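Descriptive analysis of the structure
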Amino acid sequence: MVQLQRYFLEIAYNGTRYHGWQTQPNAIAVQQKLNEALAILLRQPVETTGAGRTDTGVHAKQLFVHLDIPAAPQPPEGGVEVDLQSSCSPFRGLGGLNALLPHDIAVKRIIPVHAEAHARFDATQRSYEYHIHFSKDPFRQNYSWQIKKGDLDVELMNEAAKMMMEYTDFSCFSKSNTQVKTNNCKITRAEWLRKEDSLVFYISADRFLRNMVRAIVGTCMMVGRKEIAPEGIRQIIESKNRSNAGTSVPACGLYLTEVKYPYI
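Residues numbered from 1 in each chain as written. Predicted model: local features only at pLDDT ≥ 70, side-chain atom pairs only at ≥ 80, totals over all residues. Heavy atoms only, no water.

Notes on the packing of helix α3 (residues 154–164) against helix α4 (residues 212–224)
Under the convention used in this document: Every axis corresponds to a line fitted to the C-alpha atoms, with the helix fit spanning only the stretch in contact, and the corresponding angles, defined between N-to-C directions, vary from 0 to 180 degrees. Segments assigned H or I by DSSP are reported as helices when at least four residues long, segments assigned E as strands when at least two residues long, and all are numbered from the N terminus. We call two directions roughly parallel when the angle between them is under 35 degrees, roughly antiparallel when it is over 145, roughly perpendicular when it lies between 65 and 115, and oblique otherwise. The handedness criterion is simple: a crossing whose near helix is rotated anticlockwise from the far helix by less than a right angle is left-handed, and one whose near helix is rotated clockwise is right-handed. Contact criterion: two residues are considered in contact whenever any of their non-hydrogen atoms come within 4.5 Å of each other. The nonpolar class holds Ala, Val, Leu, Ile, Met, Phe, Trp, Tyr, Cys and Pro. Asp, Glu, Lys and Arg form the charged class, and all remaining residues, Gly among them, are polar.
Where α3 meets α4, the closest approach of the two axes is 8 Å, and the angle between their N-to-C directions is 135°. Classed by the angle they form, the pair α3 and α4 counts as oblique. As α3 runs across α4, the sense of the crossing is right-handed. Residues Leu 156, Met 157, Ala 160 and Met 164 of α3 form the contact with α4, whose own contacting residues are Ile 216, Cys 220, Met 221, Val 223 and Gly 224. Taken together, the residues of the contact of α3 with α4 sort by class into eight nonpolar, one polar and no charged.

Side note on the nonpolar core
To keep things clear, this is the line we draw: As used in this record, nonpolar core signifies buried Ala, Val, Leu, Ile, Met, Phe, Trp, Tyr and Cys residues forming a set joined through side-chain atoms within 4.5 Å. Classification of residues uses two cut-offs on accessible area relative to the type maximum, computed with a 1.4 Å probe and protein chains only: under 20% is buried, over 50% is exposed, and between them is partly exposed.
Among the nonpolar cores identified, the biggest contains 80 residues, and Leu 9, Ile 11, Phe 170, Phe 173 and Trp 192 are the most heavily contacted of them. It is α4 that provides the largest number of residues to this core, a total of eight residues. What Ile 11 contacts, discounting residues up to four positions off in sequence, is Trp 21, Val 30, Leu 34, Lys 61, Gln 62, Leu 63, Val 65, Ala 106, Val 107 and Lys 108.

Overview of unusual backbone geometry
Here Asn 142, not a glycine, exhibits a phi torsion of approximately 75°, which is positive. Relative to the assigned elements, Asn 142 resides in the loop between β5 (125–133) and β6 (145–146). One non-glycine residue, Lys 226, adopts positive backbone phi at about 65°. As for its placement among the helices and strands, Lys 226 is situated in the loop between α4 and α5 (232–239). Residue classification places Lys 226 among the exposed positions, given a relative accessible area of 59%.

Regarding the packing of aromatic side chains
Note the cut-off: For Phe, Tyr and Trp, rings pair up if their centres lie within 6.5 Å, where Trp contributes its six-membered ring, and each pair is then called stacked (planes under 30 degrees apart), edge-to-face (over 60) or tilted (otherwise).
Tallied over the entire structure, the rule returns nine aromatic pairs. Consider the rings of Tyr 128 and Phe 208, whose centres lie 5.0 Å apart with planes at 80°: the pair is edge-to-face. Here Tyr 128, found in strand β5, pairs with Phe 208, found in the loop between β8 (198–205) and α4; they are 80 residues apart in sequence, far enough to count as distant. Among the aromatic residues, those joined into a ring-pair cluster are Phe 8, Phe 64, Tyr 261 and Tyr 263.

Regarding the environment of Leu 256
Structurally, Leu 256 can be placed in strand β9 (residues 254–260). The class of Leu 256 is buried, set by a relative accessible area of 3%. Placed 128 residues apart in sequence, Leu 256 and Tyr 128 show a C-alpha to C-alpha distance of 4.5 Å. Residues within four places of Leu 256 in sequence aside, it is in contact with His 59, Ala 60, Lys 61, Gln 62, Leu 63, Arg 126, Ser 127 and Tyr 128.

Looking at the layout of surface pockets
The criterion, for reference: A 1.4 Å probe that fits but cannot get out identifies a cavity on a 1 Å grid over protein atoms alone, an open set with protein on both sides within 12 Å along at least five of seven lines counts as a pocket, and a residue lines either if it has an atom within 4 Å of a point. Grid points are joined across faces, edges and corners, and a volume is the space filled by probe spheres set on the points.
Its boundaries defined by the atoms lining it, the largest pocket holds a volume of some 950 Å³. Surrounding the largest pocket, 37 residues form its lining, Ala 51, Gly 52, Arg 53, Arg 120 and Phe 208 being those nearest its centre. Those elements that provide at least two residues to the lining of the largest pocket are β2 (49–50), β5, α4 and β9. Residues of the lining of the largest pocket, tallied by class, amount to 15 nonpolar, 13 polar and nine charged.

Quick notes on the environment of Leu 41
Inspection of the secondary structure puts Leu 41 in helix α1 (residues 30–42). Its relative accessible area of 5% is what places Leu 41 among the buried residues. C-alpha separation for the pair Leu 41 and Gly 96, spaced 55 residues apart in sequence, amounts to 7.6 Å.

Some remarks on the pattern of salt bridges
The criterion, for reference: By salt bridge we mean one thing: a side-chain nitrogen of Lys or Arg within 4 Å of a carboxyl oxygen of Asp or Glu.
In the structure shown here, the tally under the stated rule is 11 salt bridges. In this structure, the salt-bridge partner of Asp 104 is Arg 17, at a minimum N-O distance of 2.6 Å. On the criterion of sequence distance, the pair formed by Asp 104 in the loop between α2 (93–100) and β4 (105–113) and Arg 17 in the loop between β1 (4–13) and α1 is long-range, its members being 87 residues apart. Among the ionic contacts, a cluster of salt bridges with common partners joins Asp 55, Arg 210 and Arg 214.

Points about α5
Note the following rule: Of all possible arcs, the one meant is that of the directions from the helix axis to the C-beta atoms.
Restricting attention to buried positions, one finds in α5 the residues Gly 232, Ile 233, Ile 236 and Ile 237. Each buried residue of α5 sits inside an arc of 135° when the element is viewed along its axis, so together they form one side. Within α5, the exposed residues directed more than 90 degrees away from the buried face are Gln 235 and Glu 238. Here the buried face of α5 lies against α3 and α4. The first or second residue beyond α5 is Lys 240, which carries a positive phi of 60°.

Some points on the side chain of Arg 6
Heads up, the condition is: Here a polar contact is taken to be a pair of N or O atoms separated by no more than 3.5 Å, where protein atoms must pair a possible hydrogen donor with a possible acceptor and residues adjacent in sequence count only if both atoms sit in side chains.
Mapping Arg 6 onto the fold places it in strand β1. A polar side-chain atom of Arg 6 sits 2.8 Å from a polar atom in the side chain of Asp 68. When neighbours within four sequence positions are excluded, Arg 6 is seen to be in contact with His 66, Leu 67, Asp 68, Ile 111, Pro 112, Val 113, His 114, Ala 115, Glu 116 and Ala 117.

See below:
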C-alpha cells in the first residue's frame, strides 16, 4: 500500500481573470490552473482542497490548500533529509511549480503536515480587506472600487461595524441556497481606516458566508451616507433577511489576506 504525505500549499492570486477559486465546468478558476500545474509537475492527477472559496474577481494574498501525494522515501540512517524547496523534492522547488502557473497565481510555501490536517476545517481565523478609492487611478483598476468621494461618515461606519461583533447569526449577509449547516460566524475585527485618497475595511472571523464581506461593506456604505443610522444594523442582522441589507459591492476591491491554523 502506497503511503501518502499531505502537504499544505500557501498560494496568492490576482482574481481578475478567474471565476473564483473553485473549479467549474464552464469557466476558468484558480483551482483548475493549480491542479493542472501540479499534475504536470508530479506526473499524476492531483486534487486540491482550499481553505475556502472566493468569488469571481476576488483576490487572495494568502490562501492555503492541501493535497496528498505518495510519500518520498525516507533517507538512510544518518542521511540528510531532502529540503522541500530543493530540486530533489517531489515538487522540485517552488521555481518549478511557479513556472508552470500563470503569471497571476503564485505558490509561496510548501509545508508537510499530518495526515488529518485540513485546509478548510482546521482554519481558526480568516481575514479580508476591502479597498475603496475616490480618484480615477489606472493602477487601481480591477484592484479597488472607485466611488465619488461624497460625504462618507467613517466614524458612523465604524460604529455600525463594531456592533456586528455582538452577533453571530449573519443570515442577512449571506447568499441564499448556499447549503451550509449554519450561518453563525464569530467576527473578531471589523474596522474602517482612511488612507489618503482611499478607505480600507478590515474584517476577521472564524469563518465567512458566501458574499458576506461584500454585503457588509454595502450595508456600511448605507450608514456612511446616512441612509440608515448605525443602530439600523441591529435590525438588519436580527431580521435574518438578505433583502434588508445593502447591495453587494464589486468584487474587485476584495482581498482574502490571511488564514490562520493552530499548527502553522
